[in-house]
Amino acid sequence: MVGTHLLPPARFFVNFPSAKQYFSQFKHMEEPLEMERSPQLRKHACRVMGALNTVVENLHDPEKVSSVLALVGKAHALKHKVEPVYFKILSGVILEVIAEEFANDFPPETQRAWAKLRGLLYSHVTAAYKEVGWPTGHAALFGAIGPPLSSPLPGSTLSRRPSSEDAP
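As the structure is a computational prediction, the values presented were derived from the model and not from experiment.

**Q** Help me out: how do you make sense of the overall build of the protein chain in this one?
**A** Of the regular secondary structure elements, the protein chain holds seven helices and zero strands. Going residue by residue from the N terminus, the α and β elements of the protein chain occur as α-α-α-α-α-α-α. With 168 residues in all, the protein chain has 43% of them scored as buried. Counting only contacts in the protein chain whose residues sit at least 6 apart along the sequence, the fraction spanning at least 24 positions is 69%. Summed over its atoms, the accessible surface of the protein chain is roughly 9,200 Å², and 57% of this surface lies on carbon and sulfur atoms.

What follows is the structure in structure tokens.
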């Protein structure tokens, strides 16, 4: 199981503060320690890692993986109105944390496998966005922020603020 302790909840929001706009409970928090201690943020991190764990445990069952990711994508498109690019950003942060936590047990072939999983996650989630009719003006944002899926992990630039160079 991928553990929730691997995703410091604050890292994502410190490096990408624009993502806080989707979370009324902690969008005004500025201090990383305050974010780390937030029960709401920790609860959300547990849900995120739980969904990721479900996907990893069911990689042998493509229908289950598609179903889980479609539910996540549709909920975030319709209910939460989250830009899909944040899935790419968050998955990059998760991958970066895993690489740091398990640096000695994360050889290049494992890094490539996780990068493929990241691509799978993002493609399924964005397909769900398209399926529910996410506004076409937003479609240009699919893949607009973040390094390419094949970025090297140790010392990568995954934990960085979006810049004008990220736009297509």
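**Q** I keep staring at the packing of aromatic side chains and nothing clicks. Help me out?
**A** In this structure the tally under the stated criterion is nine aromatic pairs. For the pair tyrosine 22 and tyrosine 86, a centre-to-centre distance of 5.6 Å together with 75° between the ring planes defines the contact as edge-to-face. Residue tyrosine 22 is located in the loop between helix 1 (9–15) and helix 2 (32–37), and its partner tyrosine 86 is located in helix 5 (residues 85–101); the two are separated by 64 residues in the primary sequence. Looking at tyrosine 22, the relative accessible area reads 21%, which means it is partly exposed. On the basis of relative accessible area, tyrosine 86 is assigned to the buried category, the value being 10%. Within the aromatic cluster, the residues linked to one another by ring pairs are Phe12, Phe13, Phe16, Tyr22, Phe23, Phe26 and Tyr86.

**Q** Just checking my understanding: could you explain the packing of helix 4 (residues 62–79) against helix 6 (residues 108–131) for this structure?
**A** Packed helices, taken two at a time, are described by the angle between their axes plus the distance between the axes. Between helix 4 and helix 6, the shortest axis-to-axis distance is 8 Å and the interhelical angle comes to 55°. Comparing their axes, helix 6 and helix 4 come out oblique. Seen along the crossing, helix 4 lies across helix 6 with a hand that is right-handed. Of helix 6, the residues touching helix 4 (which contributes Val65, Ser66, Leu69, Ala70, Gly73, Lys74, His76 and Ala77) are Leu120, Leu121, His124, Val125, Ala128, Tyr129 and Glu131. For the contact of helix 4 with helix 6, the residue count by class is nine nonpolar, four polar and two charged.

**Q** I would appreciate a short explanation of the nonpolar core in the present structure.
**A** One recurring pattern in soluble globular proteins: nonpolar side chains tend to sit buried together. Phe12 and Phe13 are the most contacted members of the largest nonpolar core, which totals 38 residues. Secondary-structure elements contributing two or more residues to this core are helix 1, helix 3 (39–57), helix 4, helix 5 and helix 6. Looking at this core, the element that brings in the most residues is helix 5, giving eleven residues.

**Q** It is not clear to me how the pattern of salt bridges should be interpreted in this structure. Could you clarify?
**A** If the charged atoms of two oppositely charged side chains come close together, the side chains can form a pair. Counted by the stated rule, this structure contains four salt bridges. A salt bridge links arginine 11 to glutamate 96; the nearest nitrogen and oxygen atoms lie 2.9 Å apart. You can see arginine 11 sitting in helix 1 and its partner glutamate 96 sitting in helix 5, a full 85 residues away along the chain. Put simply, glutamate 30 and lysine 20 hold a salt bridge, and the shortest N to O gap is 3.5 Å. Highlighted residues: glutamate 30 in the loop between helix 1 and helix 2 and lysine 20 in the loop between helix 1 and helix 2, separated in sequence by ten residues. Accessibility expressed as a relative area gives 57% for glutamate 30, which makes it exposed. The exposure class of lysine 20 is buried, given its relative accessible area of 5%. What emerges from the salt-bridge pattern is a single network uniting Arg11, Glu96 and Glu100.

**Q** Please clarify how the environment of leucine 41 should be interpreted in this entry.
**A** For leucine 41, the location among the structural elements is in helix 3. Classification of leucine 41 by relative accessible area gives buried; the value is 2%. In this structure the C-alpha to C-alpha distance between leucine 41 and glutamine 25, which are 16 residues apart in sequence, comes to 8.2 Å.

**Q** Can you walk me through helix 6 in this structure?
**A** Helical geometry: 3.6 residues make up each α-helical turn, so side chains three or four residues apart lie on a common side. With 24 residues, helix 6 should reach 34 Å at 1.5 Å per residue; the first-to-last C-alpha distance of 34 Å fits that figure. Among the residues of helix 6, Gln111, Trp114, Ala115, Leu117, Arg118, Gly119, Leu121, Tyr122, Val125, Thr126, Ala128 and Tyr129 are the ones counted as buried. Positive phi appears at glycine 133, one or two residues downstream of helix 6, with a value of about 80°.

The rules behind each value
- Residues numbered from 1 in each chain as written.
- Predicted model: local features only at pLDDT ≥ 70, side-chain atom pairs only at ≥ 80, totals over all residues.
- Heavy atoms only, no water.
- Helix = DSSP H or I, 4+ residues; strand = E, 2+ residues; numbered from the N terminus.
- Buried < 20%, exposed > 50% of the residue type's maximum accessible area, 1.4 Å probe, protein only.
- Contact = heavy atoms within 4.5 Å.
- Areas by Shrake-Rupley, 256 points an atom, 1.4 Å probe, with all protein chains shown as cover.
- Phe/Tyr/Trp six-rings, centres within 6.5 Å; stacked < 30°, edge-to-face > 60°.
- Axes fitted to C-alpha atoms, helices over the stretch in contact; angles between N-to-C directions.
- Parallel < 35°, antiparallel > 145°, perpendicular 65-115°, else oblique.
- Left-handed = near helix turned anticlockwise from the far one by under 90°.
- Nonpolar A, V, L, I, M, F, W, Y, C, P; charged D, E, K, R; others polar.
- Core = buried A, V, L, I, M, F, W, Y, C linked by side-chain atoms within 4.5 Å.
- Salt bridge = Lys/Arg side-chain N within 4 Å of Asp/Glu carboxyl O.
- Expected span 1.5 Å × (residues − 1).

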